[in-house]
Every structure is written in structure tokens, then in C-alpha cells.
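Chain residues, written in single-letter form:
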Amino acid sequence: MTLIEPRTLKGFRDFLPAAMIPRERLMEVARTVYRRYGFVPIDTPALELLEVLTGKGSDETDRQMYHFIDNGGRAVGMRFDLTVPLARFAAQHIGTLGTPFKRYHIAPVWRGETPQAGRFREFVQCDFDTIGTTGVVSDIETALVIHELMHEVGVSRFQIRINNRKVLSGFLEKLELQGSSTAVLRALDKLDKVGVEQVSKELAQAGLSDQQTQQVITLSKIQGSTSQVLSQLDDLLQGSEQGQEGIERLRTICGAMKAAGVADEFYRLDVSIARGLDYYTGVVFETTLGDLPSIGSVCSGGRYDNLAGLYTKQHLPGIGASLGLDRLLAALEQLGRIPKTTPSADIFIPLFDADRINDYFAMASIVRSSGMSAEIYPDAKKLGQQLKYADQRGFRIALIAGSQELDAGQVQIKNLATKVSTQVTWRDQPDELVAAIRRMLDLPDMLA
RNA sequence: GUGGCUGUAGCUCAGUUGGUUAGAGCGUUGGAUUGUGGCUCCGAAGGUCGCGGGUUCGAGUCCCGUUAGUCACCCCA
């Protein structure tokens, strides 16, 4: 019989424990931060009817979507983000949920695009959105959540770049360029990457006159402290009601961030941030890592006017952002920030004497009820080999007991890092065992 | 979807102008007088050189195709 070569699909990956542990940690961090701000969890199916998913999508997302005909003849697609499912979800349930509604959603999505570093065909997004309100408080909260997420994850250098689509639209309106807004925004979005010259060329190709191009470039060159940027924008957008509205909101957001204790280095007003997606209408965010900008944005989002217009007549404005968990993880890995050792439990119990498994299980049970984790080695191998395993897995304490100790109701508690060990009588006094382990863990680490 | 680079053991790589049975380190595994690990020493397993075709007396090495990774475009988390 010929063997089937075991492999995963292009852009799809397995996760070994060493990768899965930090991955779960990251999800836990995201959950904790979201809950801290009053967001509640939801989940939706991986598969949706194709018409639900393609409704709003651009040609690009349609092309990247996995879809097929199911056994009942229905056209079905796999979700490529969490926002479209949210829109459908909101249209169906907002009546019972009420507004404002703040939810988070941590789940995998699928896109059939060419994989690259930090870009996969199956990846987890951690979305959070506030729907049913246009209040600036939600804008501020979104920025604060992003800021807190990055901190809690352990990234020390990052920058949340903030812009407002209204500033851009107001500006384009002034130049009578509303029609080519998408092209202009796309060109602006990659200013960082390709430089002024290339962007100018692209703008010219989009049908802008030399003067219009010049104006757009002037706008994109605005930079400096938040107050500097705001005053320059003020000048440039005199007479544009929409533009002034956008500037005012940015001013409020930055002021509140400062008041909330966010240091200047972590955010910046950046007019070139436009985001590709067309449905953003207000504030937009993009977060890049100071130590690895090339991997792109790890957390992006923005405000939209009408989330679920395709599915309901109810008007649902909102704002949200998405943390790219797998991209962030790829970045942390490239930066060497993923710890190598993967401790599976706190306490290791070698199977010293195969005839005394009842004693080992009794001990493990005591340890586990105290809230610590314990593992019993499955084979009665030589003690040295069992300890070697414990050592490699990063266990901190071993409970070693052969028939002699067990007959006396005792066990040896050994700190694997310091090699210090003590003897304790545990039979009929489980608290003694737990206390002795705690004492052992509190001892200063002699090797450190 | 388009183009550039890469693909040798589980991992990181070496492999000379094409020339016998393809190597190293780490890891895995067994042992070093059957109750205590990380070090050391000895031994072992593990490779259809990504896959398929071609050129050649002979291909890991050259050519073509394909697949996967990677980078750029596009798009985006």
C-alpha cells in the first residue's frame, strides 16, 4: 500500500504546543481587554449562504472567497472576515439585543490569496465593534482598546495611526474629486511604501490634473505633533463643512486619549492612512509595530455609517477594529518574543513504582485540588529518564516516592531547578503536602 | 492571479569545475555495575537530495515543468 504524503494545504498550518500556548495566551489577553471595556462575546457560523457574503463584497473579496455548492444544492461560502457576518447577525438580532451593542468575536476566517510572511489562507481575527451609536465616546474607546491590547500583549514599540475619512472626503469635495475618491485613497494608502513620486504618478493616471495632484500631495505631507497636524488641516480645509467636522472629531479623540493616560509616542495623526475598504466613513485606525513595520498593520478598523444596510432597513452606524492575531504572532515570532520552553504542568510525578499508582493518583489529586497542575509519567521507566523528561518540559517540582517513602506515608519534594529537596509526610494530611510545595516554590532560585 | 529567489535527515545547514556506498551540529533513541535529571563518553535509528520529466556514460549539482515557502505587485489582519 502506498502511503499518502501528510501535508497541509497551501496557506494552512498546524500548530504545535510551542506555537499554540502563546496563541491561546494572546486570545486570552484580547478577551480580557474586551471584557474590561464592556464588550460581550458572540459567535457565528464559518459557513454562510453565498448571497449573504457577496452582497457587499468588492470584486476582490469575491475572488478570494472560498465557496462551493453544498449537498443540498445551496451556494455556500466561508467567511473572509468577521464584519460581514456581524452585519447579518445585527440585522437579525439587533431587535432583541438593543443598541448600543458592543460585541467581540474571536474566530478564524479564510481567504484564498497568495500566502506571505504574516499572511495566511486561514487566520484568526479578534474583532470588536460598537454598533448603534455615532458618539465620539465609541471612537475614543476603540483607540483605547487598541492601545491596551498592544500593551497587554507585551509589545513595547507600536504606533496607532489615526485619520478621519471625513477630512479626506471634505478635501476631495473641495477639489471636486469626489468621483475618484477610491483611487485617490488607494494611492495615498501606500505613500509609505512607494514614496511621493510613485503616488503622484498613480494620481495622474487616475485622471487628476497636475494642480489637483499637487494639492493631494500637500495634504499627504502634513505631519508633526497632533496639534501641528490639526492646525495645518484647519488651514487646508477652510470652508469645507465636512472637513471641519472631521478635524473636530480628531481633536476630541486625541484630547481624550491624552486624558486617559496614553503616551504621545503610541499614536499619531496620519493623513495618508485611508484603509482599503470602502465602507469606512469616519475615523480610521491602523497599528504598526515599531520593530517590524514591514509586516503591515496588526490592528485596523474604523467607523462606518451603515453596517447592515444590505440586510435591513434599520440604520446601524458603528465603529470597530480587528486585531490580526496570526499576523501579530508571526511578528512576535520573527522578533524572538515567543518563549521556547513550554511547561505542561507545575508538578511532575514520576511513575517510580508501577505497583503504587494509587498513591501517585492520590498525590496528584491533592495537588490539582489546590489549583496547581500535575502530571504523572505514564511509563515506569528508569527514574533518570523520567526526570530528564520533566527537565525538558520545564516542570518546576517533582514529587518522588518509592515504596520505602510510600510505606512511611512520605514523599520527597524536589525543586528541579535548584535540586533542593525535602521530605514530607502527606498521608492523612494533604494540606501539609500543598504547604510544603508552596514553600519549595517560594525558595529563592539559587541558579538565577 | 503575475513576476523574482529558495527547497538536501525532525531542525539549522555543508556538499568542491556534474564522478563511487550524500555529510556535520542539534534533536530523537539505547547504553555507561536495575533509587535521582541538565554535563561528558560510546552506540543506533533517521534522507526515493520537494515531486515529475529531460540532457549525459554518469545529475543533489545543468535544463524544463510542477508543488511548497519567501519577496514584490495586487489586496489586506
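Counting starts from 1 at the beginning of each chain's written sequence and moves along it residue by residue. Chain letters and ligand numbers both follow the written order, the letters beginning at A and the numbers at 1. This being a predicted model, a pLDDT of at least 70 is required before a residue's local features are given, and a value of 80 or more before pairs of side-chain atoms are given or counted; all residues contribute to the totals for chains, interfaces and linings.

## A look at the overall build of chain A
Phase 1 of the analysis: The helix count covers DSSP runs of H or I at least four residues long, the strand count covers runs of E at least two residues long, and both are numbered beginning at the N terminus. A tally of regular secondary structure across chain A gives 16 helices and 16 strands.
Phase 2 of the analysis: This radius of gyration counts C-alpha atoms alone. The globule rule is 2.2 Å times how many residues there are, raised to the power 0.38. The globule rule puts the C-alpha radius of gyration for 448 residues at 22 Å, and the 28 Å found for chain A is more than 25% above it.
Phase 3 of the analysis: Taking the principal axes of the C-alpha coordinates as reference, chain A spans close to 90 × 55 × 45 Å.
Phase 4 of the analysis: Buried, partly exposed and exposed are defined by the number of other C-beta atoms within 10 Å of a residue's own C-beta, namely 20 or more, between the two limits, and 12 or fewer respectively, with C-beta atoms placed from the backbone. Looking at the 448 residues of chain A, the share that counts as buried comes to 36%.
Phase 5 of the analysis: Placing C-beta atoms from the backbone, we regard two residues as in contact once those atoms come within 7 Å. Pairs at least 24 apart in sequence give 68% of the contacts found in chain A among residues at least 6 apart.

## Some words on the domain arrangement of chain A
Reports often express the size of an interface as the amount of accessible area lost when the parts come together.
Phase 1 of the analysis: Domain boundaries assigned for chain A yield domain 1 (17-334) and domain 2 (347-442).
Phase 2 of the analysis: Where a domain begins and ends is set by an automatic assignment or by a domain database. Distance from the C-alpha centre of domain 1 to the C-alpha centre of domain 2: 51 Å.

## Re the sheet that holds strand β16 (residues 421-425)
Phase 1 of the analysis: By definition, two strands form a pair when at least two bridges between them are found by DSSP. Spatially, the five strands line up as an open sheet ordered β13-β12-β14-β15-β16, and their pairing is mixed. In this open sheet, the two strands that pair with only one neighbour each are β13 (374-376) and β16. Adjacent strand axes in the sheet meet at a mean angle of 25° when their direction is disregarded.
Phase 2 of the analysis: Looking at chain direction, strand β15 (residues 410-415) and β16 are connected through five bridges and run antiparallel. Its bridge partner lying in β16, K414 is registered against S421.
Phase 3 of the analysis: Sitting on the sheet, helix α16 (residues 430-442) is in contact with β12 (347-349), β14 (397-400), β15 and β16, with an inclination near 165° to β16. Note on method: axes are straight lines fitted to C-alpha atoms, helices fitted across the in-contact stretch only, with angles between N-to-C directions ranging 0 to 180 degrees.

## Here's the deal with helix α7 (residues 181-189)
Phase 1 of the analysis: Buried within α7 we find V184, L185, A187 and L188. Summarising the axial view, the buried residues of α7 lie within an arc of 165°, below the 170-degree limit, and thus occupy one face. The arc in question is formed by the directions pointing from the helix axis toward the C-beta atoms.

## With respect to the packing of helix α1 (residues 17-36) against helix α12 (residues 325-334)
Phase 1 of the analysis: Contact geometry of α1 with α12 gives a least axis separation of 11 Å together with a crossing angle of 125°. It follows from the interaxial angle that α1 and α12 lie oblique. The hand of the α1/α12 crossing is right-handed. Contact with α1, carried on its side by P22, R23, L26 and M27, involves L325, L328 and L329 of α12 and no other residues of that element.
Phase 2 of the analysis: When its residues are assigned to classes, the contact of α1 with α12 shows six nonpolar, no polar and one charged. Relative orientations are named as follows: roughly parallel for angles under 35 degrees, roughly antiparallel for angles over 145 degrees, roughly perpendicular for angles from 65 to 115 degrees, and oblique for any other angle. Crossings are sorted by hand: turned counterclockwise from the far helix by less than a right angle, the near helix makes the crossing left-handed, and turned clockwise it makes it right-handed. Amino acid classes used here: Ala, Val, Leu, Ile, Met, Phe, Trp, Tyr, Cys and Pro are nonpolar; Asp, Glu, Lys and Arg are charged; the rest, including Gly, are polar.

## Points about the pairing of strand β11 (residues 318-324)
Phase 1 of the analysis: In terms of burial, β11 is largely enclosed, as seven of its seven residues are buried.
Phase 2 of the analysis: Taking every second residue as pointing to the same face, both faces of β11 are buried, with G318, G320, S322 and G324 on one and I319, A321 and L323 on the other.
Phase 3 of the analysis: Both strand β6 (residues 122-131) and β11 contribute to a ladder of seven bridges, which runs antiparallel. For C126, the partnering residue across the bridge sits in β11 and is L323.
Phase 4 of the analysis: Pairing analysis gives six bridges linking strand β10 (residues 299-304) to β11, with the strands arranged antiparallel. If you follow C299 over to β11, its bridge partner there is L323.

## What to know about the confidence of the model for chain A
Phase 1 of the analysis: Per-residue confidence for chain A averages 87 on the pLDDT scale, and 94% of its residues sit at or above 70.
Phase 2 of the analysis: Scored as a complex, the prediction yields pTM 0.86 and ipTM 0.81. The quantity called pLDDT is the predictor's confidence in a given residue, expressed from 0 to 100.

## Overview of the sheet that holds strand β2 (residues 47-49)
Phase 1 of the analysis: Spatially, β2-β4-β3 is the arrangement adopted by the three strands of the open sheet, whose pairing is antiparallel. Each edge of the open sheet is held by one strand with a lone partner, namely β2 and β3 (67-69). Strand-to-strand twist in this sheet, taken as the mean axis angle between neighbours without regard to direction, amounts to 35°.
Phase 2 of the analysis: Pairing of β3 with strand β4 (residues 75-78) involves three bridges; the strand directions are antiparallel. Considered in β4, the bridge of F68 is made with V76.

## Considering the packing of helix α10 (residues 226-236) against helix α11 (residues 241-259)
Phase 1 of the analysis: Across the interface, α10 lies against α11 with an axial gap of 10 Å and an inter-helix angle of 170°. By the angle class used here, α10 and α11 are roughly antiparallel. Within the contact between the two elements, α10 uses T226, L230, L233 and D234 and α11 uses I247, L250, R251 and C254.
Phase 2 of the analysis: Taken together, the residues that form the contact of α10 with α11 break down as five nonpolar, one polar and two charged.

## Some words on the nonpolar core
Phase 1 of the analysis: Residues A30, A143, I146, L149, I162 and L328 are the most contacted members of the largest nonpolar core, which totals 87 residues.
Phase 2 of the analysis: By residue number, the principal contributor to this core is helix α5 (residues 136-153), which donates eight residues.
Phase 3 of the analysis: Formed by 23 residues, the second largest nonpolar core is a distinct cluster that contains M363, I366, A401 and I437. Definition of nonpolar core: a set of buried Ala, Val, Leu, Ile, Met, Phe, Trp, Tyr and Cys residues joined via C-beta atoms within 7 Å.

## Regarding the pairing of β14
Within a regular beta strand, the side chains point alternately toward one face of the sheet and then the other, so they alternate between its two faces.
Phase 1 of the analysis: By the bridge criterion, two bridges tie β12 to β14 in an arrangement that is parallel. Within β14, the residue paired with I347 across the bridge is I397.

## Focus: the environment of D305
Phase 1 of the analysis: For D305, the location among the structural elements is in the loop between β10 and β11.
Phase 2 of the analysis: Judged by local crowding, D305 falls into the partly exposed class, with 15 C-beta atoms found within 10 Å.
Phase 3 of the analysis: What D305 contacts, discounting residues up to four positions off in sequence, is T281 and P317.

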